[in-house]
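Observations on the three-dimensional arrangement
Here's the letter readout for the chains.
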Amino acid sequence: QVQLVESGGGSVQPGGSLRLSCAASGSIFSIYVMGWYRQAPGKQRELVARISSGVSTNYADSVKGRFTISRDNAKNTMYLQMNSLKPEDTALYYCNAFIKTMTRDFFDYWGQGTQVTVSS
């Protein structure tokens with residue numbers, strides 16, 4: 001079994017910052033691409049940022065220059081530093097990871113989500 005647990009969400013005023021974390025645990029052989037997605041009420045889930053097992057990253061246009069994705073492979077943990085937050089960033093943020101398990105199977109895993117609310 002593999003679990004992804006997000007943390008770091010909360011409420012912040014516009015212009016503020018938050019740092020999200022996603023910790024993967026369980027029967028993990030290796031983790032490939034990891035990513036952050038978000039879903040606002042009444043909207044579809046969208047990609048926020050993604051990072052390969054190396055250093056390759058890509059971002060949604062709406063967050064470029066404000067958000068930074070990173071990962072610590074030794075800790076099986078991914079981060080999302082969010083600066084200059086805007087009300088439109090308000091959403092439930094999900095962690096995603098493509099993982100090879102110890103049984104050599106490949107699965108796409110999702111966390112339960114962490115709420116980010118940006119409001120004055």
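Refer to the structure presented above.
This section reports on the structure supplied with the text. (Residues numbered from 1 in each chain as written. Predicted model: local features only at pLDDT ≥ 70, side-chain atom pairs only at ≥ 80, totals over all residues. Heavy atoms only, no water.)

1. Remarks on the sheet that holds strand β8 (residues 77-82)
The four strands are arranged β1-β3-β8-β7 in an open sheet whose pairing can be described as antiparallel. In this open sheet, the two strands that pair with only one neighbour each are β1 (2-7) and β7 (67-72). Across the sheet, the axes of successive neighbouring strands diverge by a mean angle of 15 degrees, strand direction being ignored. In this sheet, β8 lies alongside β7 in antiparallel orientation, the contact comprising six bridges. What sits directly across from Ser70, in β8, is Tyr79. (Pairing = 2+ DSSP bridges. Helix = DSSP H or I, 4+ residues; strand = E, 2+ residues; numbered from the N terminus. Axes fitted to C-alpha atoms, helices over the stretch in contact; angles between N-to-C directions.)

2. Section: unusual backbone geometry
Unusually for a residue other than glycine, Ser84 sits at a positive phi of about 50 degrees. On the basis of relative accessibility, which here comes to 41%, the residue Ser84 falls in the partly exposed class. At Arg104, a position not held by glycine, the phi torsion is positive, near 70 degrees. Structurally, Arg104 can be placed in the loop between β9 (91-101) and β10 (106-110). Its relative accessible area of 43% is what places Arg104 among the partly exposed residues. (Buried < 20%, exposed > 50% of the residue type's maximum accessible area, 1.4 Å probe, protein only.)

3. Here we look at the nonpolar core
Core analysis: the biggest nonpolar cluster contains 31 residues, and Trp36, Leu80, Met82 and Tyr93 have the highest contact counts within it. Elements with a contribution of two residues or more to this core: β1, β3 (18-26), β4 (28-39), β5 (46-51), β7, β8, β9 and β11 (114-118). The leading source of residues in this core is β9, at five residues. Beyond its immediate chain neighbours, meaning those up to four positions away, Met82 contacts Gly16, Ser17, Leu18, Leu20, Arg66, Phe67, Tyr93 and Val116. (Core = buried A, V, L, I, M, F, W, Y, C linked by side-chain atoms within 4.5 Å. Contact = heavy atoms within 4.5 Å.)

4. Here we look at the side chain of Ser30
The topology assignment puts Ser30 in strand β4. A distance of 3.4 Å separates polar atoms of two side chains, one belonging to Ser30 and the other to Tyr32. In this view, Ser30 contacts Phe98, Ile99 and Lys100; residues no more than four positions away in its chain are not counted. (Polar contact = N/O pair within 3.5 Å; in protein donor to acceptor, adjacent residues only side chain to side chain.)

5. Points about the state of the cysteines
This structure, assessed with the given rule, holds one disulfide. Two residues share a disulfide in this structure: Cys22 and Cys95, whose sulfurs sit 1.8 Å from each other. A torsion of -65 degrees about the S-S bond marks the disulfide between Cys22 and Cys95 as left-handed. Of the two residues, Cys22 sits in strand β3 while Cys95 sits in strand β9, which places them 73 residues apart along the sequence. (Disulfide = S-S within 2.5 Å.)

6. Remarks on the packing of aromatic side chains
The final tally for this structure, using the stated rule, is six aromatic pairs. Ring centres of Tyr32 and Phe98 lie 6.2 Å apart, and the angle between their planes is 50 degrees; this geometry places the pair in the tilted category. Of the two residues, Tyr32 is situated in strand β4 and Phe98 in strand β9; the sequence distance between them amounts to 66 residues. Exposure remark for Tyr32: the relative accessible area of 31% places this residue in the partly exposed category. For Phe98, a relative accessible area of 34% puts it in the partly exposed group. Aromatic pair Phe107 and Tyr109: ring centres 5.9 Å apart, planes at 65 degrees, arrangement edge-to-face. (Phe/Tyr/Trp six-rings, centres within 6.5 Å; stacked < 30°, edge-to-face > 60°.)

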